[in-house]
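# Coordinate inspection notes
The lines below spell out each chain.
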Amino acid sequence: MSYISTRGGGAPMGFTQAAMTGLAEDGGLLVPVSLPDVSGRLGEWGELSYPDLALEVMGLFSDLERSDLEGLVRRSYGTFRHPEVTPVVEVGRVRILELFHGPTLAFKDVALQFLCNLFELVLGREGGHLNILGATSGDTGSAAIHGAKGRERIRIFIMHPHGRVSPLQERQMTTVLDENVFNLSVHGTFDDCQRIMKTLFEDVEFKSGYSLGAINSVNWARVLAQIVYYFYAGLRTLKETGAEAVQFSVPTGNFGDVLAGYYAKKMGLPVRTLMVATNENDILARFFQTGVYAKGEVVPTISPSMDIQVASNFERYLFDRVGQDSGVLRDLMARFGRTGSCSLGPEHGGDRLFYAGVGTTKDTLEVIGRYHREYGYLLDPHTAVGVHVAEQALSEDVPTICLATAHPAKFGDAIKDATGEDLARHEVLERLRDLPTRSVEMPADLDAVRDYVKAHGVE
Ligand SMILES: *Cc1c(COP(=O)(O)O)cnc(C)c1O
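Described below are features of the structure shown in this document. (Residues numbered from 1 in each chain as written. Predicted model: local features only at pLDDT ≥ 70, side-chain atom pairs only at ≥ 80, totals over all residues. Heavy atoms only, no water.)

An order of S3-S4-S14-S9-S10-S13 is seen for the six strands of this open sheet, with the pairing classed as mixed. Edge strands, defined here as strands with exactly one partner in the open sheet, are strand S3 (88-91) and strand S13 (354-358). Strand-to-strand twist in this sheet, taken as the mean axis angle between neighbours without regard to direction, amounts to 25°. Taken together, the four bridges between S3 and strand S4 (residues 94-98) define a ladder with antiparallel strand orientation. In the strand pairing of S4, Glu90 is matched with Arg95. (Pairing = 2+ DSSP bridges. Helix = DSSP H or I, 4+ residues; strand = E, 2+ residues; numbered from the N terminus. Axes fitted to C-alpha atoms, helices over the stretch in contact; angles between N-to-C directions.)

Bringing the layout of surface pockets into the picture now. Roughly 230 Å³ of volume is contained in the second largest pocket. Arg93, Ser395, Glu396, Val398 and Pro399 are, among the 14 residues lining the second largest pocket, the residues nearest its centre. Class assignment for the residues of the lining of the second largest pocket results in five nonpolar, four polar and five charged. (1 Å grid on protein atoms, 1.4 Å probe; cavity = no way out; pocket = protein on both sides within 12 Å on 5 of 7 lines; lining within 4 Å. Points joined across faces, edges and corners; volume = space filled by probe spheres on them. Nonpolar A, V, L, I, M, F, W, Y, C, P; charged D, E, K, R; others polar.)

With that settled, the discussion passes to the site of the ligand. Inspection of the region around the ligand gives 15 residues, with Lys108, Asp139, Gly253, Asn254 and Thr405 positioned closest. Here Lys108 contributes a side-chain N or O atom positioned 2.5 Å from an oxygen atom of the ligand. Gly256 has a polar backbone atom sitting 3.3 Å from an oxygen atom of the ligand. Computed on the free molecule, the ligand has an accessible area of 380 Å², of which 97% lies beneath the protein chains in the complex. Tallied by class, the residues present in the shell around the ligand amount to five nonpolar, seven polar and three charged. (Near = heavy atom within 4 Å. Polar contact = N/O pair within 3.5 Å; in protein donor to acceptor, adjacent residues only side chain to side chain. Areas by Shrake-Rupley, 256 points an atom, 1.4 Å probe, with all protein chains shown as cover.)

Our next topic: the pairing of strand S7 (residues 181-187). By the criterion of burial, S7 is predominantly enclosed, with six of the seven residues buried. Pairing analysis gives six bridges linking strand S6 (residues 154-161) to S7, with the strands arranged parallel. In the sheet register, Pro161 faces S7, and the bridge partner there is Val186. Since S6 and S7 lie parallel, the crossover through helix H7 (residues 167-174) that links them has a hand, and here it is right-handed. Here four bridges tie S7 to strand S15 (residues 440-443), and the two strands are oriented parallel to one another. By the bridge assignment for S15, Ser185 is matched with Glu441. (Buried < 20%, exposed > 50% of the residue type's maximum accessible area, 1.4 Å probe, protein only. Right-handed = clockwise from strand over helix to strand, strands pointing away.)

Applying the stated criterion across every chain yields a total of 32 aromatic pairs. With 5.2 Å between their ring centres and 85° between their planes, Tyr262 and Tyr317 make a pair best called edge-to-face. Residue Tyr262 is found in helix H11 (residues 256-267), and its partner Tyr317 is found in helix H13 (residues 314-321); the two are separated by 55 residues along the sequence. With relative accessibility at 0%, the residue Tyr317 sits in the buried group. Each ring, one from Phe287 and one from Phe314, has its centre 5.0 Å from the other, and the planes form 80°; the classification is edge-to-face. A residue pair is termed long-range when its members are at least 10 positions apart, and Phe287 in helix H12 (residues 283-290) and Phe314 in helix H13 qualify at 27 residues. This pair shows no difference in class: Phe287 is buried, exactly as Phe314 is. (Phe/Tyr/Trp six-rings, centres within 6.5 Å; stacked < 30°, edge-to-face > 60°.)

Between its first and last C-alpha, helix H14 (residues 326-339) extends 20 Å over 14 residues, near the 20 Å set by a 1.5 Å rise per residue. Listed as buried for H14 are Ser326, Leu329, Leu332, Met333 and Phe336. Buried residues along H14 cover an arc of 125° about the axis, so they all sit on one side. Looking at H14, the residues exposed on the side facing more than 90 degrees away from the buried face are Asp331, Arg338 and Thr339. On its buried side, H14 packs onto strand S1 (3-5), H12, strand S11 (292-294), H13 and strand S12 (341-343). Between a side-chain oxygen at the N-terminus of H14 and the backbone nitrogen of Gly327 the separation is 3.0 Å; the capping residue is Asp325. (Expected span 1.5 Å × (residues − 1). Arc of directions from axis to C-beta. Contact = heavy atoms within 4.5 Å.)

Now for the nonpolar core. The tendency in soluble globular proteins is for nonpolar side chains to be buried as a group. Core analysis: the largest hydrophobic core is formed by 107 residues, its most contacted members being Phe231, Phe248 and Phe255. Counting residues per element, this core draws most heavily on helix H10 (residues 220-241), at 14 residues. Other than its neighbours up to four places away in sequence, Phe255 contacts Val276, Leu284, Phe288, Ala311, Asn313, Phe314, Tyr317 and Phe354. (Core = buried A, V, L, I, M, F, W, Y, C linked by side-chain atoms within 4.5 Å.)

Overall, parallel pairing links the five strands, which are arranged S8-S5-S6-S7-S15 in an open sheet. Two strands lie at the open edges of the sheet, namely strand S8 (212-213) and S15, each paired on one side alone. The sheet contacts of helix H6 (residues 139-148) involve S6 and S7, and relative to S6 the element is tilted by about 165°. Relative to the sheet, helix H8 (residues 190-202) contacts strand S5 (130-135), S6, S7 and S8, its axis offset from that of S5 by approximately 145°.

A few words on the pattern of salt bridges. Scanning the entire structure with this criterion turns up 24 salt bridges. In this structure, the salt-bridge partner of Arg450 is Asp447, at a minimum N-O distance of 2.8 Å. Here Arg450 and its partner Asp447 are both found in helix H19 (residues 446-456), three residues apart, which amounts to about one turn of the helix. Residue classification places Arg450 among the buried residues on the basis of a relative accessible area of 17%. Judged by its relative accessible area of 41%, Asp447 is partly exposed. What emerges from the salt-bridge pattern is a single network uniting Arg41, Glu44, Glu56 and Arg66. (Salt bridge = Lys/Arg side-chain N within 4 Å of Asp/Glu carboxyl O.)

At a minimum axis distance of 10 Å, the contact between H11 and H13 shows a crossing angle of 35°. The way H11 lies across H13 gives a crossing that is left-handed. Counted together, Leu259, Tyr262, Tyr263 and Lys266 of H11 and Arg316, Tyr317 and Asp320 of H13 form the full contact between these two elements. The residue inventory of the contact of H11 with H13, partitioned by class, reads four nonpolar, no polar and three charged. (Left-handed = near helix turned anticlockwise from the far one by under 90°.)

In structure tokens, the structure reads:
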């Protein structure tokens with residue numbers, strides 16, 4: 001399988017190179033040139049364990065030896081606390097796909113455990129080192145740190161805004177004391193951190209001199225790892241219910257997670273509807289309702305990992321909507337960059353696969369409270385947004401699978417507000433309380449961060 005940029009630049013490349021590259025050089029996103037049709041294999045795939053299924057799905061997209069890929073998969077999902085890796089449980093009228101059994105209790109572990117193992121494999125084979133640089137407002141940073149910690153050929157530098165991430169999420173990062181992990185507590189906002197990161201990646205000399213690596217959600221290997229659980233949950237549900245199709249509700253921020261579901265459908269998984277569930281930051285919901293993709297102001301909510309107004313993976317979907325015409329896509333993205341808005345014309349049709357909806361803070365708290373009272377099940381606020389939207393579009397004959405993207409204990413305050421009780425606990429998080437931490441404070445200054453990476457990274 002080879003990969004090309006959505007913007008049409010550069011030569012096609014293989015899977016390993018695509019994963020090491022992240023963002024294409026022309027600023028586009030890397031996409032597979034074609035998608036395999038797996039509809040003839042679904043019966044057989046429905047019987048497989050999670051790692052065996054991952055091996056089959058990923059094998060279709062990768063240029064690794066099967067034994068190497070198998071090693072990666074086993075190492076990546078051996079760290080999950082549930083024997084099924086991503087189990088599906090029936091709760092009331094929906095099914096919950098629990099994606100939070102990884103090391104940091106968020107769905108990002110599914111992709112970042114795999115990506116970091118892949119980096120290590122490639123670096124070990126080709127020699128060299130990687131200095132990963134990232135900015136986080138919470139979940140991504142800790143999942144990346146737990147993926148990269150202790151690896152010989154990787155150093156990881158994660159910036160977070162000082163005093164502005166939840167104390168629990170901060171501890172998930174700063175209690176990791178491995179020598180290759182550097183937590184930079186930046187005196188500024190998340191946007192400052194992100195701006196510093198982008199500017200450093202644009203510094204070509206620094207980027208190549210210090211082998212800067214990115215772990216952000218546009219990396220194809222992350223999307224690929226997420227395709228697996230759509231097949232896993234979808235095929236299990238079809239088998240159990242005898243239904244002809246399923247639908248998924250996906251709490252959405254950067255459009256990475258739901259994009260994986262879109263690819264699973266295109267490969268032949270019988271998916272009737274993909275529900276794009278957002279909080280008040282509803283740029284994507286508005287797009288699917290009106291065809292206009294227009295940026296608004298970011299509002300902070302109780303589902304902070306979805307407080308996003310520019311969905312970095314959306315370009316891959318738009319590429320398909322404009323008939324994979326890179327010229328049209330470049331124009332759209334240029335207009336969006338200039339004006340903060342772009343829209344599809346009637347010639348690009350609609351897409352009845354998607355249903356979009358919004359769950360407000362009020363809706364989120366209501367759903368959490370009700371699921372706790374009626375079913376004794378705790379939803380984290382991100383998952384609750386998805387469940388709220390799913391409830392608007394339940395179907396008698398098509399089972400609804402709601403993706404649970406974080407363990408409720410990560411967002412204990414929201415659970416307390418919704419239920420009146422402090423119920424959400426997890427031993428992994430309890431243990432963090434008394435552990436020593438390490439981080440360095442730093443001004444929101446480009447040179448300060450660059451100098452720090454130069455001093456502690458591998459040249
Ligand atoms: C990152 C994240 C999301 C959003 O996922 P995208 O791939 O960015 O759409 C939802 N919920 C949680 C808990 C997350 O960490």
